[in-house]
Amino acid sequence: MYPTRLPLSEKLIIALRLAPKGQHVIRDTELPGFFLLIGKRRKTFMAQGDLRANGRRKSVRIKIGEVGQIKTREARAKAKAILGSIGKGVDPRPTAESSGEAKQNGPKLANSTGPTLRAAWGRYRDSHLQRKGRSDGTIENYRDHVERLMADWLDQPLSVLGNDPSLVASRHEKITAENGPYIANGCMRSLRAIYNHARKTARFLPAENPVIAVDWNAEKRRNTALGLTDLLPWVEELRALDNPIRREFHLFLLLSGGRPDALKRARIEHVNFRTRILHLPKPKGGEERAFDIPLSRAMVRGLVRVIRLGRVLNPTHARKWLFPAESESGHLAEHKEDRTSLSKWGNDLRQTYRTIAQATGIADLDIHLLMNHSVPGVNAGYITRSKLLSDHLRQQQEMISRKMVEALRGRSIEGKKQPAAWPLIPARTVLADILRKLDMAADVCAESVNALAA
């Protein structure tokens, strides 16, 4: 617990820890209205006082500076000046409409409303997301939040939101009710990032991000993984899907623990069967997080199957994409399935991979490397992943796949082995079965045409 009041000094402030969650206010015992705001990433000097103008009273809160950029003594002196102005009925904020100075400089105030949400979003997208190589999926999430969920605010100056955070809180509640708690939180995180970025060049925007007014929805990690005993019933559901390329995609997600959006964009040129590597140049986090997936034997068989299937079912797009489809992009665009047909897909399979890897006895650090998670700790940061890829990590991948394949084989019936079925049979057998079904369908069509002609 943080104390609510302390005699703020340089030594004491440095000793205070950052907040594990939320924000905490510690008020100075020497100067009323001067306080320290402690968050998860920074400590900030603030000043707050009651401004009385035209018979009304409103609370004015102003950021003075961040700890480390300004000394405590200097921050306290600035706070005295700010609080003195507020006490005289003068709003020290540049965008204030109620101060005498603001009234005398009306034209400047009109220009100081700052960028609109549309302009701030465009600059954040171009100069931050794209410049830092963020993935297309990440940029699309931001675009959806801004251009769909906040479409009516696109031409609104950010200063309006900054001066009235209740608008942001109301929008969060509205999105929660209409779209769900998780997307509401995500939308507010996007707005917070765009506002902070805009304020770097528009310093007259209110210092306090309006998203601070949001009461965040509780988020719980979805525990939807399959266990080893659940794999056989799940693969029976998978076998029933009509599209064989989609079947292979879901199976590869299970075997690799990969993220769906990155794998959907995988190209033929990214697969190296000689080194048994699948390269993902732009996964979640952008190009800086590019990594290689070591391929087990089961994963290689799956990729051979889907490449051969693509050449037959979608020859045009199969020249480029690993999982081709009749979509605008040419690759699999939507991986979601009806839960009544396939109970687990997407991130469910990533959780399954992590769960089975743990049951197999794979070390936590190896699982982090295989799943492209951030490696914890300074010592682990010295590891060069590429030097472990061709031998150690591939062995771990092989162990995980073997554990899954054994579960997919199922139990023998009355001591007799069950006949091998997809995904345990080789690619040529699957392809022959697909071609046989296509020929049968063609024969049925021909018979129907002949019957109509007769």
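Here, the structure is the one placed above.
Here is a short report on the structure shown in this document. This one's a predicted model, so the numbers in the text were calculated from it and none came from an experiment.

## Points about the side chain of Thr 360
Then step 1. On the secondary structure map, Thr 360 appears in helix 14 (residues 347-360).
Then step 2. For Thr 360, a relative accessible area of 18% gives the class buried.
Then step 3. Among the polar contacts made by the side chain of Thr 360, one reaches the main-chain carbonyl oxygen of Ile 356 at a distance of 2.6 Å.
Then step 4. Setting aside its immediate chain neighbours within four residues, Thr 360 contacts Met 399, Ile 400 and Lys 403.

## Considering the sheet that holds strand 1 (residues 5-6)
Then step 1. Reading across from one edge, 1-2-3-4-5 is the order of the five strands in this open sheet, with mixed pairing throughout. Single-partner strands in this sheet number two, and they are strand 1 and strand 5 (56-66).
Then step 2. Here four bridges tie strand 2 (residues 24-28) to strand 3 (residues 34-38), and the two strands are oriented antiparallel to one another. The residue of strand 3 that forms the bridge with Val 25 is Leu 37.
Then step 3. With respect to the sheet, helix 2 (residues 72-87) is in contact with strand 2, strand 3, strand 4 (43-53) and strand 5, its orientation differing from that of strand 4 by roughly 15°.

## Overview of the nonpolar core
Across soluble globular proteins, you tend to see nonpolar side chains buried next to one another.
Then step 1. Counting residues in each nonpolar core, the largest one holds 52 residues, and the members touching the most others are Leu 278 and Leu 322.
Then step 2. When sequence neighbours within four positions are dropped, the list of residues in contact with Leu 278 reads Phe 252, Leu 263, Ala 266, His 270, Val 271, Phe 291, Asp 292, Ile 293, Leu 295 and Leu 322.
Then step 3. The next biggest cluster of nonpolar side chains, apart from the first, holds 28 residues, and it includes Tyr 142, Leu 154, Ala 193 and Val 214.

## Let's talk about the environment of Tyr 124
Then step 1. Tracing the chain through its elements places Tyr 124 in helix 5 (residues 117-130).
Then step 2. Along the primary structure Tyr 124 and Tyr 195 are separated by 71 residues, whereas in three dimensions their C-alpha atoms are 9.2 Å apart.
Then step 3. Other than its neighbours up to four places away in sequence, Tyr 124 contacts Leu 129, Tyr 142, Ala 193, Ile 194 and His 197.

## Let's talk about empty space enclosed by the protein
Once rolled over the atoms, a probe with the size of a water molecule shows which space is left empty.
Then step 1. Per the counting criterion, the structure on display carries three cavities of 30 Å³ or more.
Then step 2. Approximately 80 Å³ is the volume found for the largest cavity.
Then step 3. Split into classes, the residues belonging to the lining of the largest cavity amount to seven nonpolar, four polar and three charged.

## Details of the packing of helix 10 (residues 231-239) against helix 16 (residues 386-409)
Then step 1. Running from N to C, helix 10 and helix 16 cross one another at 75°; their axes reach a closest spacing of 8 Å. Taken together, the axis directions place helix 10 and helix 16 in an arrangement best described as roughly perpendicular. Counted together, Leu 231, Leu 232 and Val 235 of helix 10 and Met 404, Ala 407 and Leu 408 of helix 16 form the full contact between these two elements.

## Remarks on the pattern of salt bridges
Then step 1. Scanning the entire structure with this criterion turns up 22 salt bridges.
Then step 2. With a closest N to O distance of 2.9 Å, Glu 140 and Arg 143 form a salt bridge. With Glu 140 and Arg 143 both in helix 6 (residues 136-149) and three residues apart, this pair spans about one turn of that helix.
Then step 3. Relative accessible area serves as the criterion here: at 26%, Arg 143 is assigned to the partly exposed category.
Then step 4. Across the pair Asp 348 and Arg 339 runs a salt bridge whose closest N-O atoms are separated by 2.7 Å.

## Topic: the packing of aromatic side chains
Then step 1. Applying the stated criterion across every chain, the model contains five aromatic pairs.
Then step 2. When the ring of Phe 249 is compared with that of Phe 323, the centres are 5.1 Å apart and the planes differ by 85°; the resulting orientation is edge-to-face. On the criterion of sequence distance, the pair formed by Phe 249 in helix 11 (residues 244-256) and Phe 323 in the loop between helix 13 (297-313) and helix 14 is long-range, its members being 74 residues apart. For the pair formed by Phe 249 and Phe 323, the shared burial category is buried.

## Some points on the sheet that holds strand 8 (residues 291-294)
Then step 1. The strand order across the open sheet formed by three strands is 6-7-8, and the pairing between neighbours is antiparallel. Each edge of the sheet is formed by a strand with only one pairing partner; in this case those strands are strand 6 (271-272) and strand 8.
Then step 2. Alignment of strand 6 against strand 7 (residues 277-280), held across two bridges, turns out to be antiparallel. The partner of Asn 272 across the bridge, within strand 7, is Ile 277.
Then step 3. Those strands touched by helix 16 are strand 7 and strand 8, and its axis lies near 55° from that of strand 8.

About the criteria used
- In this convention, every chain numbers its residues from 1, walking through the sequence in written order.
- Whole-chain, interface and lining totals are the exception, using all residues; otherwise, since this is a predicted model, local features are given only for residues with pLDDT of at least 70 and side-chain atom pairs are given and counted only at 80 or more.
- Here the side-chain values reflect all heavy atoms present in the structure, with hydrogen atoms and water set aside.
- The secondary structure listing takes helices from DSSP runs of H or I that are at least 4 residues long and strands from runs of E that are at least 2 residues long, numbered from the N terminus.
- Only protein chains enter the area calculation, which uses a 1.4 Å probe; residues under 20% of their type maximum are buried, those over 50% are exposed, and those in between are partly exposed.
- Polar contacts here mean pairs of N or O atoms no more than 3.5 Å apart (in protein, one a potential hydrogen donor and the other a potential acceptor; neighbouring residues in sequence count only if both atoms are side-chain atoms).
- Contacts: residue pairs with any heavy atoms within 4.5 Å of one another.
- Only when DSSP finds a minimum of two bridges between them are two strands counted as paired.
- For helices, the axis comes from a line fit to the C-alpha atoms of the stretch in contact; other axes are also lines fit to C-alpha atoms, and the angle between any two N-to-C directions lies between 0 and 180 degrees.
- The nonpolar core is taken to be a set of buried Ala, Val, Leu, Ile, Met, Phe, Trp, Tyr and Cys residues, with the residues joined through side-chain atoms within 4.5 Å.
- Cavities and pockets are defined on a 1 Å grid built over the protein atoms alone: a cavity is a set of grid points where a 1.4 Å probe fits but cannot escape, while a pocket is an open set with protein on both sides within 12 Å along at least five of seven lines, and lining residues are those with an atom within 4 Å of any such point.
- Grid points are joined across faces, edges and corners, and a volume is the space filled by probe spheres set on the points.
- All amino acids are sorted into three groups, where Ala, Val, Leu, Ile, Met, Phe, Trp, Tyr, Cys and Pro are nonpolar, Asp, Glu, Lys and Arg are charged, and the leftover types, Gly among them, are polar.
- An angle below 35 degrees is read as roughly parallel, one above 145 as roughly antiparallel, one from 65 to 115 as roughly perpendicular, and any other as oblique.
- The salt bridge definition used is simple: a Lys or Arg side-chain nitrogen within 4 Å of an Asp or Glu carboxyl oxygen.
- For Phe, Tyr and Trp, where Trp contributes only its six-membered ring, two rings pair if their centres lie within 6.5 Å, and the inter-plane angle classes them as stacked under 30 degrees, edge-to-face over 60, or tilted in between.

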